[in-house]
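# Commentary on secondary and tertiary structure
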Amino acid sequence: MGAKFRWGVLDAVVVVFALIPVLWIVSLSFKTTATLTDGNFIPREWTWENYRTIFQTDQFVRALVNSIGIALISTLIAVVLGTMAAYAISRLDFPGKKALVGVSLLIAMFPQVSLVSPLFDIERNTGLFDTWPGLILPYITFALPLAIYTLSAFFKQIPWDLEKAAKMDGATQGEAFRKVIAPLAAPGVFTTAILVFIFCWNDFLFAISLTSTERSRTVPVALSFFTGASQFEDPTGAISAAAVVITIPIILFVLFFQRRIVAGLTSGAVKG
Amino acid sequence: MADIVLDKVSKKYPDGTVAVHDVDLEIADGEFIILVGPSGCGKSTTLNMIAGLEDISSGELRIGGERVNDRAPKDRDIAMVFQSYALYPNMTVRENMAFPLRLAKMDRKVVDEKVGEAARVLELTDYLDRRPANLSGGQRQRVAMGRAIVRSPKAFLMDEPLSNLDAKLRVQMRTQVSRLQKQLGTTTVYVTHDQTEAMTLGDRVVVMRGGYIQQVGDPQTLYDQPRNLFVAGFIGSPAMNFLPAEAEESLLRTPLGDLPLTDRLRASLARTGPAGGARQLIVGVRPEHFEDAALVEDSQRPKGFEFTAPVDLVESMGSDKYVYFTVEGQRASAADLEDLAADAGGADLPPQDSLVTRLSAESRVRGGADAKVWMNLDKLHLFDPSDGRNITLTEDKPGAHAD
Amino acid sequence: MSVQEKVRIPARRSPRTKAVLSEGKRQERRLGWLLCAPAAIVMVAVTAYPIIYSVWLSLQRYDLKFPDQKEFVGLANYATVLSNGYWWSAFGVTALITVISVTAELVLGMGLALIMHKTVVGRGLVRTSALIPYGIVTVVAAFSWRYAWTPGTGYLANLVTPDGAPLTERAGALAIIVLAEIWKTTPFMALLLMAGLALVPDDLLKAASMDGASWWQRFTKVMLPVMKPAVLVALLFRTLDAFRVFDNIYVLTAGANETSSVSMIAYNNLMKGLNLGIGSTMSVLIFLTVAIIAFIFVKLFGTAAPGSDDGTRR
Ligand SMILES: Nc1ncnc2c1ncn2[C@@H]1O[C@H](COP(=O)(O)OP(=O)(O)O)[C@@H](O)[C@H]1O
Ligand SMILES: [Mg+2]
């Protein structure tokens, strides 16, 4: 009982520590303009007004579309390329394998800000500046090491004997892949996709440096531009509401795929 | 059901390793044949070639009289049981067993029937809806067997199917596999590195080493008439004792003393080497061919040789006693023995300076004291250390030729 | 049986023919390259070329406000940056944030890892909650902290500093930046450490307690040595990550009151100053710094570095 109680207290501290900032921004997003600056943790008057406002402005809706589109496309490409490379790394023997693993490790450690100046100039000269592909490219690049590490860790756990077993059971190469290997690889690919999506969804530095208009601005950047935008007198409520909106997918992922995210993060980073 | 013929089959891997050299083997319809040998000797490679999982580099493989070198595994109608069991983790036991039948597009009702029947035979009926992860080792092994037997294939291939089980379960499953094979009468090729398994299971045993077949025969023949040092040392537990020896006119100098050359041994020597002059040999004696000198019947005594040695250790097995003696002097050395020593898992070779004997339970021999021991000279083998062959095998026994 | 077997004593081992590659091997190589090529090309094209380009830019006078004055100036930009007080202030701020936040994260992360590993109540709830800071958009969290510390609006400002504005003084602002960093990344650190904890065999801990080791001794003498590789990996990644700190500073202070990090100052040079020459010089300097940090860590790692094996380790 004593031990259980102590663990309970510790757990509670962790949960509170982790959730308070999130609850605070949720609380702000539901406050009315009048009570916004009262400093209360729990709103005294609740309102949907802030959400209504942001969804009525082009600024936010465009940014949301950009965020979703850019993150999804980047995730798709990074996961496809990463799957190919990870399969090769975990299953085939070829010279240059170590070099590839080394390069991805280097990129995982690369200071992204070092790319901002040159990419800014290159993208301006090639017309990629302030376009979706202009953001998608660096996102794929920095997501690939994550994808490759996580996926090769997953692939190494697949018992490839099963492919042989399926063939002995009368399957063709295609059937062996479809009915036996693919179902086993799918969870790893899915988990990797979540991690990559979170990474792209999160980015701020590239998004603020390589965009200049609503054409390709993502939500994190749009948030920081709410400040001083003329149609909002005090942007706090609107920013909070927008922040909550882009936090929802993250919360859903964490709630439904907690186990997988933990497995993915740790396998990719430690077992490398 | 069908016979399987390997005709000068070789395997060269892409990296240049030749894993199997010109293997000739005829496996009769319904036969239970064992491939045994130390790890890395090419057993799995041979099995995989029969399965179609590895290409055959040269030679021909015939199943039921038809050449199948170029057929995909699925077109050979052979089932395989893997060491890792290779159960599909995303399917239940039922789905695992039904998988080959499903692939063959069999009627759902027939599939259910066959799976039910196999599950009954293997006592898996209660576990049909479980996933492999929720089964014990022995149950998983049985599911793997079940998946192999449901579709009544022409042959079963098993690659060390029991080696992931604990010792007791392994013995149980061994009998079950044996019974099942007899019951179904399906041609079976079984790979193991465990000589006990090989001796107890097979109709015939193929001993392999370094990609070559060393000897093929029924268990008793391999035990009584090993073709060379390697087979002699690999088969039998505890393993045969090997001692260096030097043959002279009428006697054999060994660390145990000077043995008289019996007519049989003299004839073997004459047949296989130049007459006269000293000749280096290796003497091989199985543990059970020793006896406590006090217990030997007088009629037997002249057939053997008596010597005294210090007793190292006595292990009483109840039915008999394993007595270890320390032997002074040189060790026997030959390439075969090194190979055996390198594969500690396969053969239970005794430490080289010790002699293992199996004496009657009534023996009063005690550790620390000297003991007088009798050795049966009729059962003694002589090996040529240069090429390992057994020179005491007589001409009339099949396969006695060595090149 | 009529099989004619031959006893043969094989030559010890057929010598490997290294020079000639067999067809199967060559096919495997080709497939390997083919599958890796797209990923490799993208990664190299988007990082290697720009970094080389930025080295070249850093040797130019190149101000987008005066594009006509572009010319080669050698190392002049480096002299300018390295003798600039703001650069060194930013460097100091970055180093300070990195050291304090990574140290705190290591300690807290280890505690959190132990809690997540050992807890008997609500394990799922704890893990789920801990993942939220990891997953949440940094900018969102930064806004939450900013409003929390804004006088009037914030619950923390009213509670902790009723008559001050911590975000507008250097020390307060830096403390809040560090707090935000720690909140956001401790869970990640903890997850990596937890994976290391899982590698510690239970029997080893039992044996240690049978040998009379106290809890602390078991932790330092048994668990830490086994976890060392995991700890080093976590430290490396977090140190480099902390060195890139940008989002939090941008939202919390925008670099006011000398709270800029190197990323912030490089960004400002580019976006506000539009000075590509100086911006690129800073990019190169940051890159070099990170490379040096990584090098030191890899020296410490030795063979435990991720990727130092060919991927056969399980
Ligand atoms: N895919 C392969 N490529 C190259 N060499 C291999 C391959 N598979 C096995 N070998 C080599 O072939 C030999 C025989 O292997 P194997 O048939 O697996 O032995 P066993 O099953 O008897 O232990 C070994 O020397 C092994 O290293
Ligand atoms: Mg094998």
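Residues numbered from 1 in each chain as written. Chains lettered and ligands numbered in written order. Predicted model: local features only at pLDDT ≥ 70, side-chain atom pairs only at ≥ 80, totals over all residues. Heavy atoms only, no water.

## Here we look at the overall build of chain C
The secondary structure content of chain C amounts to 12 helices and 2 strands. Relative to its 314 residues, chain C shows a buried fraction of 53%. For chain C, the proportion of contacts with a sequence separation of at least 24, taken over those separated by at least 6, is 69%. Put simply, chain C shows about 14,600 Å² of open surface, and 66% of that area lies on carbon and sulfur atoms. (Helix = DSSP H or I, 4+ residues; strand = E, 2+ residues; numbered from the N terminus. Buried < 20%, exposed > 50% of the residue type's maximum accessible area, 1.4 Å probe, protein only. Contact = heavy atoms within 4.5 Å. Areas by Shrake-Rupley, 256 points an atom, 1.4 Å probe, with all protein chains shown as cover.)

## Here's the deal with the interface of chain A and chain C
Taken together, the contact pairs 97 residues of chain A with 94 residues of chain C. Taking both sides of the interface into account, the surface hidden between chain A and chain C amounts to around 8,500 Å²; carbon and sulfur atoms contribute 76%. On inspection of chain A and its partner chain C, the count reaches 0 salt bridges. Here chain A is connected to chain C by 12 residue pairs in polar contact (both at pLDDT 80 or more). Here the element with the most residues in the side of chain A that touches chain C is helix H11 (residues 236–271) of chain A; it accounts for 18 residues. Here the residues of the side of chain A that touches chain C sort into 67 nonpolar, 20 polar and 10 charged. (Buried area = accessible area lost by both parts, 1.4 Å probe. Salt bridge = Lys/Arg side-chain N within 4 Å of Asp/Glu carboxyl O. Polar contact = N/O pair within 3.5 Å; in protein donor to acceptor, adjacent residues only side chain to side chain. Nonpolar A, V, L, I, M, F, W, Y, C, P; charged D, E, K, R; others polar.)

## Thoughts on the UniProt feature "transmembrane region" (unreviewed entry) in chain C
All names here are of chain C. In this structure's numbering, the residues bearing the UniProt feature "transmembrane region" (unreviewed entry) are residues 31–56, 86–116, 128–148, 222–240 and 276–298. Strand forms 0% of residues 128–148 and helix 90%; the C-alpha atoms that close the span are 24 Å apart. Span residues 222–240 is 100% helix and 0% strand, its end C-alpha atoms 28 Å apart. (UniProt positions renumbered as here; feature names shortened; annotations may be inferred.)

## Regarding the sheet that holds strand E11 (residues 241–247) of chain B
Residue and element names in this part refer to chain B. The strand order across the open sheet built from 5 strands is E13-E12-E11-E14-E20, with neighbouring strands paired in antiparallel fashion. At either end of the open sheet lies a strand with only one pairing partner, and these are strand E13 (257–260) and strand E20 (381–383). Pairwise comparison of adjacent strand axes, ignoring direction, gives a mean angle of 35 degrees for this sheet. Judged from the 2 bridges that link them, E11 and strand E12 (residues 251–254) form a sheet pairing that is antiparallel. Residue Ala-247 lies in a different strand from E12, and its bridge partner there is Leu-252. Lying on the sheet, helix H9 (residues 263–272) is in contact with E11, strand E14 (279–285) and E20; it crosses E14 at an angle near 135 degrees. (Pairing = 2+ DSSP bridges. Axes fitted to C-alpha atoms, helices over the stretch in contact; angles between N-to-C directions.)

## Quick look at the confidence of the model for chain C
Residues and elements named next belong to chain C. The share of residues in chain C with pLDDT of 70 or more is 88%, and the mean pLDDT across the chain is 82. Predicted confidence is poor over residues 1–19, with pLDDT under 50, and the contacts of this stretch with residues over four places away or in other chains come to 30 contacts. Every residue in residues 303–314 is under pLDDT 50, and counting partners more than four places away or in other chains gives 16 contacts. Here the complex is predicted with pTM 0.79, and the ipTM for its interfaces comes to 0.89. (pLDDT = per-residue confidence, 0-100.)

## Section: the pattern of salt bridges
Residues and elements named next belong to chain B. Under the counting rule described, the total for this entry stands at 33 salt bridges over all chains. For the salt bridge of Arg-94 with Asp-129, the shortest nitrogen-to-oxygen distance reads 3.4 Å. One end of the pair, Arg-94, is in helix H2 (residues 93–103); the other, Asp-129, is in the loop between helix H3 (108–121) and helix H4 (137–149), and 35 residues separate them in sequence. Sharing partners across several salt bridges, the network here consists of Asp-7, Glu-60, Arg-62, Arg-67 and Asp-70.

## Details of the site of ligand 1
Within the structure, ligand 1 sits among 12 residues, and B:Gly40, B:Gly42, B:Lys43, B:Ser44 and B:Thr45 are positioned closest to it. The residues that come close to ligand 1 belong to more than one chain, namely chains B and C. The side chain of B:Thr45 places a nitrogen or oxygen atom 2.5 Å from an oxygen atom of ligand 1. Burial of ligand 1 by the surrounding chains reaches 65%, relative to a free accessible area of 560 Å². Per element, the largest residue contribution to the shell around ligand 1 is 3 residues, and it comes from helix H1 (residues 43–51) of chain B. A breakdown of the residues in the shell around ligand 1 according to their chemical character gives 3 nonpolar, 6 polar and 3 charged. (Near = heavy atom within 4 Å.)

## Concerning the sheet that holds strand E1 (residues 4–12) of chain B
Residues and elements named next belong to chain B. Reading across from one edge, E2-E1-E4-E5 is the order of the 4 strands in this open sheet, with antiparallel pairing throughout. Strand pairing shows two members of the sheet lacking a second neighbour, strand E2 (18–27) and strand E5 (66–67), which therefore form its edges. Inspection of the sheet shows E1 paired to E2 by 6 bridges, in the antiparallel sense. For Val-5, the partnering residue across the bridge sits in E2 and is Glu-26. Against the sheet, H1 contacts E1, E2 and strand E4 (58–63), and its axis sits at roughly 120 degrees relative to E1.

## Some points on a positive patch on the surface
There is a patch of like positive charges on the surface, built from A:Arg178, A:Lys179, B:Arg102, B:Lys105 and B:Arg108. Within the secondary structure, B:Lys105 sits in the loop between H2 and H3. (Patch = residues over 30% accessible without salt bridge, like charges linked within 9 Å, V, L, I, M, F, W, Y side chains within 5 Å. Lys, Arg positive; Asp, Glu negative; His and termini not counted. Charge placed at Lys NZ, Arg CZ, Asp CG, Glu CD.)

## Remarks on the UniProt feature "domain: ABC transporter" (unreviewed entry) in chain B
Under the UniProt annotation, "domain: ABC transporter" (unreviewed entry) lies at residues 4–235 of chain B. With 36% helix and 25% strand, residues 4–235 of chain B has end C-alpha atoms that lie 25 Å from one another.

## Notes on the packing of aromatic side chains
This model, assessed by the stated rule, comprises 36 aromatic pairs over all chains. The interplanar angle of 50 degrees and the centroid separation of 6.2 Å between the aromatic rings of A:Phe110 and A:Phe142 together place this pair among those described as tilted. One end of the pair, A:Phe110, is in the loop between helix H4 (97–109) and helix H5 (113–126); the other, A:Phe142, is in helix H6 (residues 132–157), with 32 residues separating them in the sequence. We note that A:Phe110, like A:Phe142, is buried. Summarising the aromatic geometry, the rings of C:Tyr134 and C:Phe188 are spaced 5.9 Å apart at their centres and angled 15 degrees between planes, so their arrangement reads as stacked. (Phe/Tyr/Trp six-rings, centres within 6.5 Å; stacked < 30°, edge-to-face > 60°.)

## Some details on the confidence of the model for chain B
For chain B, mean pLDDT is 89; residues scoring 70 or higher make up 94% of the total. Contacts for the low-pLDDT stretch residues 396–403 of chain B, under 50 throughout, to residues beyond four places or in other chains number 11 contacts.

## Focus on H1(B)
For H1(B), a buried count of 8 out of 9 residues is recorded, marking the element as mostly surrounded by other parts of the structure. Within H1(B), burial applies to B:Lys43, B:Thr45, B:Thr46, B:Leu47, B:Asn48, B:Met49, B:Ile50 and B:Ala51.

## Looking at the packing of helix H8 (residues 202–210) of chain C against helix H9 (residues 215–243) of chain C
Residues and elements named next belong to chain C. H9 packs onto H8 with a crossing angle of 155 degrees between their chain directions and a minimal axis gap of 10 Å. Classed by the angle they form, the pair H8 and H9 counts as roughly antiparallel. Considering only the axes of H8 and H9, their crossing is right-handed. On H9, the residues that touch Leu-204, Leu-205, Ala-208 and Ser-209 of H8 are Arg-218, Val-222, Met-223 and Val-226. Per-class residue counts for the contact of H8 with H9 are 6 nonpolar, 1 polar and 1 charged. (Parallel < 35°, antiparallel > 145°, perpendicular 65-115°, else oblique. Left-handed = near helix turned anticlockwise from the far one by under 90°.)

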